[in-house]
Amino acid sequence: MKWFVFVLMATTTAFLLTPGSAQSVGGVDDSLVMYLPLDEENGKKVEDFSEFQHDAEIRGGGKIVPDGAHGNCVQLNGTDGIVYVADHDAFEGEQATIEIWFKTESQSNFPLMWKERGATGGDWWVRIEPGSNRIRCLFRDAGDGTLIVFTDSPYNDNAWHHMAATVGKNTARIYIDGELGGKSAEAKGNFGEMKSTESVTLGSRFADAPDTFGDGFLDEARVWSRVLSEEEIQANMALGKDDFLAVSVKGKLATTWGDMKDTF
Ligand SMILES: [Ca+2]
Ligand SMILES: [Ca+2]
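Residues numbered from 1 in each chain as written. Chains lettered and ligands numbered in written order. Predicted model: local features only at pLDDT ≥ 70, side-chain atom pairs only at ≥ 80, totals over all residues.

### Re the overall build of the protein
Condition: For the purposes of this entry, the term helix denotes a DSSP run of H or I that reaches at least four residues, the term strand denotes a run of E that reaches at least two, and both are numbered from the N terminus. Whether a residue is buried, exposed or partly exposed follows from its count of other C-beta atoms within 10 Å of its own C-beta, namely 20 or more, 12 or fewer, or something in between, respectively; the C-beta atoms are built from the backbone. Once C-beta atoms are placed from the backbone, any two residues with those atoms within 7 Å are in contact.
Helix and strand counts for the protein stand at three helices and 17 strands. Residues classed as buried in the protein amount to 43% of the 264 residues present. The long-range fraction of contacts in the protein, counting pairs at least 24 apart against all pairs at least 6 apart in sequence, stands at 64%.

### Quick notes on the pairing of strand β11 (residues 146-150)
Regular strands place side chains that alternate from one sheet face to the opposite one. Filter applied, for reference: Here the rule is simple: two strands pair whenever DSSP picks up at least two bridges between them.
Burial along β11 is one-sided: Leu147 and Val149 are buried, while Thr146, Ile148 and Phe150, pointing the other way, are not. Of the strand pairs in this sheet, strand β10 (residues 134-140) and β11 are connected by five bridges, and their pairing is antiparallel. For leucine 138, the partnering residue across the bridge sits in β11 and is isoleucine 148. Count of turn residues in the β10/β11 antiparallel hairpin: five residues, of which aspartate 144 carries a positive phi of about 80°.

### Digging into helix α2 (residues 230-237)
Put simply, the test is: Each direction from the helix axis to a C-beta atom contributes to the arc, which is the arc of those directions.
Among the residues of α2, those classed as buried are Ile233, Asn236 and Met237. Seen from one end, α2 has its buried residues packed into an arc of 95°, which puts them on one side.

### A few points about the environment of tryptophan 160
Along the polypeptide, tryptophan 160 turns up in the loop between β11 and β12 (161-168). Setting aside residues no more than four positions away along its own chain, tryptophan 160 makes contact with Ala69, Trp101 and Lys103.

### Quick word on the sheet that holds strand β9 (residues 123-129)
Judged by pairing direction, the sheet is antiparallel, and its eight strands sit side by side in the order β2-β3-β6-β16-β8-β9-β10-β11 without closing on themselves. The open sheet is flanked by β2 (45-46) and β11, the only strands paired with a single partner. The pairing of strand β3 (residues 56-59) with strand β6 (residues 82-85) spans four bridges and is classified as antiparallel. Bridge assignment links isoleucine 58 to a residue of β6, and that residue is valine 83.

### Considerations on the confidence of the model for the protein
Operational definition: Residue-level confidence of the predictor is what pLDDT reports, using numbers from 0 through 100.
Here the protein averages 87 in pLDDT, and 84% of its residues register 70 or above. Here residues 1-26 scores under 50 on pLDDT; set against residues more than four positions off or in separate chains, the count is 14 contacts. Every residue in residues 253-264 scores below 50 in pLDDT, and together they form three contacts with partners more than four places removed in sequence or on other chains.

### With respect to the pairing of strand β13 (residues 171-176)
Across six bridges, the pairing between β12 and β13 is antiparallel. Of the residues in β13, the one forming a bridge with glycine 168 is threonine 171. Between β12 and β13, which pair antiparallel one after the other, the connecting turn spans two residues, and lysine 169 there sits at a positive phi close to 55°. Here β13 runs beside strand β15 (residues 186-188); their pairing, made up of three bridges, is antiparallel. Directly across from arginine 173, in β15, lies its bridge partner glutamate 186. From the end of β13 to the start of strand β14 (residues 179-180), which pair antiparallel, there are two residues, and aspartate 177 there has a positive phi angle of about 50°.

### Regarding the environment of lysine 169
Here lysine 169 shows up in the loop between β12 and β13. Along the chain, lysine 169 and glutamine 95 lie 74 residues apart, while their C-alpha atoms are 7.4 Å from each other.

### Regarding the environment of alanine 159
For alanine 159, the position within the fold is in the loop between β11 and β12. C-beta crowding within 10 Å serves as the criterion here: with 11 such atoms nearby, alanine 159 is assigned to the exposed category. Alanine 159 sits 54 residues away from glutamate 105 along the chain, and the two C-alpha atoms are 8.3 Å apart.

### Concerning unusual backbone geometry
Unusually for a residue other than glycine, glutamine 53 sits at a positive phi of about 45°. Even without a glycine there, the phi angle at threonine 212 is positive, about 55°. Mapping threonine 212 onto the fold places it in the loop between β16 (200-202) and β17 (215-224).

### Some remarks on the nonpolar core
Rules: For this entry, the nonpolar core is defined as buried Ala, Val, Leu, Ile, Met, Phe, Trp, Tyr and Cys residues connected by C-beta atoms within 7 Å.
Core analysis: the largest hydrophobic core is formed by 63 residues, its most contacted members being Val83, Ile100, Leu112, Met113, Val126, Ala165 and Leu218. Setting aside chain neighbours within four positions, we find leucine 112 in contact with Ile100, Phe102, Val126, Arg127, Ile128, Met163, Leu202 and Leu218.

So this is what it looks like as C-alpha cells:
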C-alpha cells in the first residue's frame, strides 16, 4: 500500500503547487457565501470568489485604488458611491458572519455593509456612527427578533481596521481587529432566519434606493453562513485573496487526506 500513499501524496503536492490551481472557487469552504477581494484593476464589475459568484458592481462615485488592507480596495466618495450585490438566500439564514476592512476619517455616518429589510423580512447591517462614538451592528430576523451590538469607538482614525460581526445560536458579537469590540460587543436573545427580498450594499444605507453614503475605503468583504470563532476571524484577516483561497483549498484537501488515512 506504500506506493499508493506515495503517489497520492505526490499528486496532492503537485496539485497544491500547480500555478493557478489554488484559485479554484470550487475548493473554498462552502459556508463562505460572498467574498469580494476588490482587487480588480479597474472597471465597475466586482468579482465574488465564493461558490455563489454573486453579481456585484461599483455604482456612482466609487473606484478601485491601490494600497488596500490586502491588494487593491474600493474608494467611495461619500455622495453616491457604493458596491451593490444582488439579493440571495445565502445571506439570510439563522447564522452569519460579516467581515470587512475599512479606513476613513469621516465624521459622518458610514454604513460598511447593509442588507436591506424592505417592508418585511430580516436584515443585517453595520455602520460607523462617529456622533455616538461607536460602530453599531444590527441583526434582525424575519420575525422581528433583533440583536444589536456596539463598539466603544468609531475607529475613524484614517488607519485600516477589520470589522467582523457574527450572529447565531441566539448571540451576536462584534470584533474589531480580531478582538471583541467593547463593552456592548455581545448581545443575546431568540433569533431565527433573516429571509427578505432585498439586496446588499457596501458603503450606503439600503441598496436599491441608497442613502447615507460613506466617505473612505473598504476592502476584503466576506459573508459566511455560520458563526466564525475569534481564532478563525484572526486567521482570516491576515490573508489577502491568494493566500486566503489557497488555505481554503488546502484545508479541504487535508480533511480529505485525513479521512483516507483512516481507511487504511
Ligand atoms: Ca483587496
Ligand atoms: Ca432573498
